[in-house]
Amino acid sequence: MTPHPLTWLYVPGDRPPIVAKALAAGADVVVVDLEDAVAPDRKDYARAATAELLSEAQLNVHVRVNALDTPWAADDLRTLAPLPGVSGLRLPKVTSAEEVVAVAEKARDLPLYALLETALGIERAFSIAAAHSSVHGIALGEADLRADLGVRDDAGLDWSRSRVIVAARAAGLAPPPQSVHPDIRDLEGLAASCAHGRALGFLGRAAIHPRQLPVIESAFLPTEQEIEQAETIVKAATREQGAQALADGRFIDAAVVAAAQRTLTLARRT
C-alpha cells in the first residue's frame, strides 16, 4: 500500500529550474502550480514548460490547473491531462459537483483533488467530495476563503476546516491536508499550526518551501508515546474481544482499537 502523503510541495510552473529542485526535495507530492503562482502573461509559457517536464513519467507529480472559469483552464486540461508525468490534478476554486464531473470526463481517470476556496464551495463540500469516483480528495484554499469570508482571526476558519474534514470522511475520502503556512521563515508557528490542524483531523499539509517539509512530517507522524499506546491497545484487543479496561484504567472498544490501528499504519510509513 502506498503511504498516505503528508507533504505536498507547491512550486510555480513558470520556473523550470525550481520545479527540478522541488522534485529532489523529498516531498511526498510535488504540485506544479499554474494558477496563483503564475502571472497572467506567463500562463502559456508555464503550461508549455510543464508539458515538457511531464512528457515523461514522474513519481507523484500533480498539477494545479487554472480555475475552471478562466480562459486558461481548457488549454491546461487538454495539454496536460494526457501526459504520463501527471499523476493528479488539483482543481482550484471548485464550487459545484458539476464542475468536477466535467473535468473527470476529460481527464483519463486521473485522480482529482478539489480545492474549496469560497463560501459556496464550503457549503457544497460533501456534494463535491462525492461527485465522481475520480475525486480522491478535497482541501481548503485558506487565503481565498479568508478573503471571501472577511475573516481576520485564524480561529474564524475552524468551522470551515471541520466542515471539509467531515465532508471528506462522509464521502469515503482520505483526511484532507492543511492549507499552506505562508511565512516560510516561521517554522515554530508552522509547527504550532500543524498541531492545531492535526487536532482538528487534518492529515499532512501543503508547503511552499522545502524547509517546511520536515516540520510538517514531524508534526503529523505519531510520537513514540502514541505508538506505544497504540501497540498496547492493539495487543489487548487481540487477546480479548469486545470492550474492556486496560490495567491503567483506560477503557477501550472497537472505535479505540480502530484509531490505534490507524496510528500504527501511519507510523509504519517510514
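You'll find the structure just up there.
Scope of this entry: the structure provided in the associated data block. One numbering rule holds for all chains: residues counted from 1, following each sequence as written. Owing to the predicted nature of the model, reporting of local features is limited to residues with pLDDT of at least 70; listing and counting of side-chain atom pairs is limited to 80 or more, with chain, interface and lining totals taken over all residues. The side-chain values count all of the structure's non-hydrogen atoms but skip hydrogen atoms and water molecules.

What follows covers the overall build of the protein chain. Regarding its fold elements, the protein chain presents 12 helices and 9 strands. When we talk radius of gyration, it's over C-alpha atoms, and the globule rule is simply 2.2 Å times the number of residues to the 0.38. Here the protein chain has a C-alpha radius of gyration of 20 Å; the compact-globule value for 270 residues is 18 Å, and the two agree. When its C-alpha atoms are laid out on the principal axes, the protein chain stretches across 65 × 40 × 35 Å. The classification of residues rests on relative accessible area computed with a 1.4 Å probe and restricted to protein chains. Under 20% of the type maximum is buried, over 50% is exposed, and intermediate values are partly exposed. Residues classed as buried in the protein chain amount to 47% of the 270 residues present. Residues count as neighbours in contact if any of their non-hydrogen atoms are within 4.5 Å of one another. Put simply, 65% of the contacts in the protein chain that link residues at least 6 apart link residues at least 24 apart. Here a strand is any run of E in DSSP of at least two residues, a helix any run of H or I of at least four, and the numbering for each starts at the N terminus.

The subject of this paragraph is the side chain of Arg-47. Checked against the element boundaries, Arg-47 lands in helix α2 (residues 43-53). Judged by relative accessible area, which is 7%, Arg-47 ranks as buried. One polar contact links Arg-47 to Asp-44, side chain to side chain, over a distance of 3.1 Å. When residues no more than four places from it in sequence are discounted, the contact partners of Arg-47 are Leu-34, Trp-72, Asp-75, Asp-76, Thr-79 and Leu-80. Contacts described as polar in this section are N or O atom pairs within 3.5 Å, which, within protein, must combine one atom able to donate a hydrogen with one able to accept it, while residues neighboring in sequence count only if both atoms come from side chains.

The subject of this paragraph is helix α9 (residues 187-200). The span expected for a helix works out to 1.5 Å for each residue beyond the first. A rise of 1.5 Å per residue sets the reference length of α9, with its 14 residues, at 20 Å; its end C-alpha atoms lie 20 Å apart and thus fit the reference within 8%. When we look at burial in α9, the residues that qualify are Leu-190, Ser-193, Cys-194 and Gly-197. Buried residues along α9 cover an arc of 105° about the axis, so they all sit on one side. Every exposed residue of α9 that faces more than 90 degrees away from the buried side is listed here: Glu-188, Ala-192 and Ala-199. What the arc covers is the set of directions going from the helix axis to the C-beta atoms.

What follows is about the pattern of salt bridges. Salt bridges are defined as contacts in which a side-chain nitrogen from Lys or Arg sits within 4 Å of a carboxyl oxygen from Asp or Glu. For the coordinates displayed, the defined rule picks out 18 salt bridges. With its nearest N and O atoms 2.0 Å apart, the salt bridge here joins Asp-75 to Arg-78. In this pair, Asp-75 and Arg-78 are both assigned in helix α3 (residues 73-80), 3 residues apart and thus about one turn of the helix distant. Overall, the relative accessible area of 27% leaves Asp-75 in the partly exposed class.

Quick look at the packing of aromatic side chains now. To pair, rings of Phe, Tyr and Trp, with the six-membered ring standing in for Trp, must have centres within 6.5 Å; the planes then decide the type, stacked if under 30 degrees apart, edge-to-face if over 60, and tilted in the middle. Using the criterion set out here, one finds 1 aromatic pair in the structure. Note on Trp-8 and Tyr-113: the rings are 5.7 Å apart at their centroids and 65° apart in plane angle, and the pair reads as edge-to-face. Taken together, the residues span a long stretch of sequence, with Trp-8 in strand β1 (residues 7-12) and Tyr-113 in strand β5 (residues 112-116) at a distance of 105 residues. Residue class for Trp-8 comes out buried when judged on its relative accessible area of 4%. The positively charged end of Lys-43 is found above the aromatic ring belonging to Trp-72, 5.1 Å away from the centroid. Put simply, a charge is over a ring when the Lys NZ or the Arg CZ is close to the ring centre, within 6 Å, and near the line of the ring normal, within 35 degrees.

Next up on the list: the environment of Thr-232. Among the secondary structure elements, Thr-232 is positioned in helix α11 (residues 224-239). C-alpha separation for the pair Thr-232 and Ala-260, spaced 28 residues apart in sequence, amounts to 8.9 Å.

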